[in-house]
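Inside the fold
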Amino acid sequence: MPPEAAIPPETRTGIGYDSHRFGPPRPLILGGVTIPFDRGLIAHSDGDAIAHAVTDAVLGACGAGDIGELYPDSDAANKGRSSLEMLGNAVQRISAERWSVANVDITVIAEQPRIGPHRADIRQALGAVLRIPADRVSVKGKSNEGMGWIGRGEGIACIAVATLTRIPE
Ligand code: MG
């Protein structure tokens with residue numbers, strides 16, 4: 001008799017997007033890592049577009065809302081709040097619903113700064129918060145080939161996809 005086929009674990013996938021405009025100098029934080037750059041990102045929080053996109057992907061995968069619902073801009077308590085802390089809270093929220101993160105895949109779109117030199121640090125920082133090894137966090141940088149607002153260096157965009165696995169009861 002052939003062996004019984006293993007039942008694959010239930011999975012869900014979510015997508016997240018975020019963008020921020022460059023502004024006056026302030027620490028540029030992406031994926032929890034401070035990146036040397038002559039401009040910062042304008043935001044109510046620390047402006048970490050990678051963390052924001054990943055948070056929305058994680059929440060979106062199990063229909064748990066989005067970062068704007070959890071941390072409204074209108075709430076003074078969120079001013080300058082660490083985006084890794086917000087991501088950590090989202091992970092806590094989904095784990096309470098019996099989901100764990102399997103992997104995330106991230107594309108950062110910007111002419112500057114280059115993401116490559118910071119990739120390893122970002123994978124490490126996000127992996128720690130997502131409770132997965134760094135090799136399950138993929139980070140890719142793309143330029144926009146000089147086109148549009150990204151091409152003019154006005155800001156940065158980030159797209160993230162997260163896959164979640166069901167935690168057995
Ligand atoms: Mg944002």
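**Focus: the packing of helix H3 (residues 83-96) against helix H4 (residues 119-130)**
A pair of packed helices is captured by two measures, namely the crossing angle of their axes and the spacing between those axes. At a closest axis distance of 9 Å, the pairing of H3 and H4 adopts a crossing angle of 35°. Two secondary-structure elements touch here, H3 through Leu84, Leu87, Gly88 and Val91 and H4 through Leu126, Val129 and Leu130.

**A look at H4**
In an α-helix there are 3.6 residues to a turn, and that puts residues three or four apart on one side. Between its first and last C-alpha, H4 extends 16 Å over 12 residues, near the 16 Å set by a 1.5 Å rise per residue. Inspection of H4 places Ile122, Ala125, Leu126, Gly127, Val129 and Leu130 among the buried residues, and these make up the whole buried set. Among the structural elements, strand E2 (28-30), strand E3 (33-35), helix H1 (49-61), H3, strand E5 (99-109) and strand E6 (137-142) are those in contact with the buried residues of H4. Among the residues trailing H4, Arg131 stands out with phi positive, at a value near 65°.

**Thoughts on the pairing of strand E7 (residues 155-166)**
Where burial is concerned, most of E7 is hidden: 9 out of the 12 residues are buried. Alignment of strand E1 (residues 11-23) against E7, held across 11 bridges, turns out to be antiparallel. Counted as the bridge partner of Thr13 is Thr163 from E7. With 10 bridges connecting them, E5 and E7 associate as antiparallel partners. Opposite Ser100, over in E7, you have Thr165 as the bridge partner.

**Examining the side chain of Asp46**
Mapped onto the fold, Asp46 is located in the loop between strand E4 (40-41) and H1. No salt bridge is formed by the buried Asp46, whose closest oppositely charged neighbour, Arg26, lies at an N-O distance of 6.2 Å. Among the polar contacts made by the side chain of Asp46, one reaches the main-chain amide nitrogen of Asp48 at a distance of 3.1 Å. Side chain to side chain, Asp46 and Ser83 meet in a polar contact 2.4 Å long. Not counting chain neighbours up to four residues away, the residues in contact with Asp46 comprise Arg26, Ile29, His52, Gly80, Arg81, Ser82 and Ser83.

Each value, and the rule that gives it
Residues numbered from 1 in each chain as written. Predicted model: local features only at pLDDT ≥ 70, side-chain atom pairs only at ≥ 80, totals over all residues. Heavy atoms only, no water. Axes fitted to C-alpha atoms, helices over the stretch in contact; angles between N-to-C directions. Helix = DSSP H or I, 4+ residues; strand = E, 2+ residues; numbered from the N terminus. Contact = heavy atoms within 4.5 Å. Expected span 1.5 Å × (residues − 1). Buried < 20%, exposed > 50% of the residue type's maximum accessible area, 1.4 Å probe, protein only. Pairing = 2+ DSSP bridges. Lys, Arg positive; Asp, Glu negative; His and termini not counted. Salt bridge = Lys/Arg side-chain N within 4 Å of Asp/Glu carboxyl O. Polar contact = N/O pair within 3.5 Å; in protein donor to acceptor, adjacent residues only side chain to side chain.

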